[in-house]
Amino acid sequence: MKTKQPKQPKQPKQSKHLASLSLAVMGGGFAATIPFQGPVWGGILHGGFEAGLVGGLADWFAVTALFRHPAGIPIPHTALLPKNRKKIVGALVTTLENDWLSKESIQTKLESVQVIEKLLPVIQKELQSEPVQKEINAILDQLIRSVDVETITPLIEKELKAALSSINASSVIEAAVQKLIDHKYDEKAFDYLLGRAENWISKSETSRQLGRTALKAIEGLEMDGFMQFALKSFQQMLSEEKLGNLLQNLLRNALMNLNQSDDLNRQAFLIKVREEMQSITEREEWMNVIEERKQKAVAEWDLSGKITEILIGIQQKASAFVQSGECMNLYILPFMTRTLANVAENPDKISRMENWIQKQIAVLVEENHSKIGKLVEENLNKLDNETLVNMMENHIGKDLQWIRVNGAVCGFVIGLVLAGMQTLV
């Protein structure tokens, strides 16, 4: 399939027509003055037109020979541009790379440009525009949605289990016990148990249960001699109800005493309880069992489902938060505005950033400078000879046509001078 060449602009007609007109005038003048060579003025004019015709034709030949064979005749040393295309392109590329766009000239020019100072106002302005904010939101939303939750779930589960396994059970228990003591939860628990016991003791059913239990215990006692007789006498004096009420009152009085904060028995009991609580971690067998069960529970605990559920929820909420625009207004825009303002107010930071950018540009120029010439060469090689010739004629054709006009005019003037001198001699 033939590559379609780009449409070339038409060659300027005014100068081309002027050149042709000048040549036609010289040719017409030469022919018209042939019969009038006798008079002096006729000979001089004929000589001028003759020289102008020769000069115009010579310059036409020279200009045409640059681009093609004059009149289509393959005369040697004509069509110079097509024949020497490779040399011309090579010279152009070499000149472009080494002179016009050398590495040094590009780097020197870029070093004079303060990139950061020019970029900061542009970025600050564009940050306030709605299209830029929407684009940032879209990028953030895409980043959030692109996170593969199922891929990172095992990593989080592994790290979480490792963290749980590394927790020192003794430290946790000691801290928990200390918290219980500091907040007097041991005392509150004791008061709660006393309350429950008091409620139980206050019931009539409890009195009967205590009486029955006590009588059964007395009946089961066996003693010798007088003690057995006294016990029997005591048993006959007390009924189940009386004995139950007696024990119930005794227990109620004991509980009431224990409810008093300054009761010695209460204080002794709480001290003992606290001592036992604080010495739990000193029981090595207990701690080994606790540690083993902790490790087993952590290892068997399947957290993946819950972690995935939590991550998906976080992902959805984060995406909705970004899409709502609140994230941009509350966090991103203030953060970026503060950052840019901080940079703008810090000359040292601007200088460091500028130096870094200039170094990166220098590296970029160093690595890609040769591509400039290659790009020009590739683009020129895409053009066939006819297209390249037409392109050059379109850009320098006006000046070349004026060469033809100047050649005809100069030849005419020189011819007049020479013919005049010949006539005088």
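The preceding data block contains the structure.
Quick caveat, the model's predicted, so the values are computed rather than measured.

K.L.:
What's the story with helix α17 (residues 326-344) in this structure? I'm lost.
P.N.:
Given 3.6 residues to a turn, an α-helix orients residues that are three or four positions apart in the same direction. For α17, spanning 19 residues, the distance from its first C-alpha to its last is 26 Å, which sits close to the expected 27 Å at 1.5 Å a residue. At I332, α17 is bent by approximately 35°, the largest bend along its length, and proline P334 sits one to four residues beyond. Among the residues making up α17, those that are buried are C327, M328, I332, L333, L340 and V343. Looking at the packing, one finds that the buried side of α17 touches α6 (115-127), α7 (130-146), α16 (304-323) and α18 (347-381).

K.L.:
Looking at this structure, I do not really get the packing of helix α9 (residues 169-182) against helix α14 (residues 264-278). What am I missing?
P.N.:
The packing of two helices is summarised by the inter-axis angle and the distance between the axes. Viewed as axis vectors pointing N to C, α9 and α14 meet at an angle of 160°, and their least axial separation amounts to 10 Å. Classified by the angle their axes make, α9 and α14 are roughly antiparallel. Regarding α9 and α14, the two cross each other, and that crossing is left-handed. Only R274, M277 and Q278 of α14 make contact with α9, whose side of the interface consists of V177, Q178, L180 and I181. Per-class residue counts for the contact of α9 with α14 are four nonpolar, two polar and one charged.

K.L.:
Even after reading the chapter, I still don't get helix α8 (residues 149-165), so can you show me in this structure?
P.N.:
Here α8 contains 17 residues, and its C-alpha end-to-end distance of 24 Å stays within 8% of the 24 Å for a straight helix at 1.5 Å per residue. Inspection of α8 places V149, T153, E157 and K161 among the buried residues, and these make up the whole buried set. Taken down its axis, α8 places every buried residue within 100° of arc, on the same side. Seen from the open side of α8, the exposed residues pointing more than 90 degrees away from its buried face are L155, K158 and E159.

What counts, and at which threshold
Residues numbered from 1 in each chain as written. Predicted model: local features only at pLDDT ≥ 70, side-chain atom pairs only at ≥ 80, totals over all residues. Heavy atoms only, no water. Helix = DSSP H or I, 4+ residues; strand = E, 2+ residues; numbered from the N terminus. Expected span 1.5 Å × (residues − 1). Bend = angle between axes of the 7 residues up to and from the residue. Buried < 20%, exposed > 50% of the residue type's maximum accessible area, 1.4 Å probe, protein only. Contact = heavy atoms within 4.5 Å. Axes fitted to C-alpha atoms, helices over the stretch in contact; angles between N-to-C directions. Parallel < 35°, antiparallel > 145°, perpendicular 65-115°, else oblique. Left-handed = near helix turned anticlockwise from the far one by under 90°. Nonpolar A, V, L, I, M, F, W, Y, C, P; charged D, E, K, R; others polar. Arc of directions from axis to C-beta.

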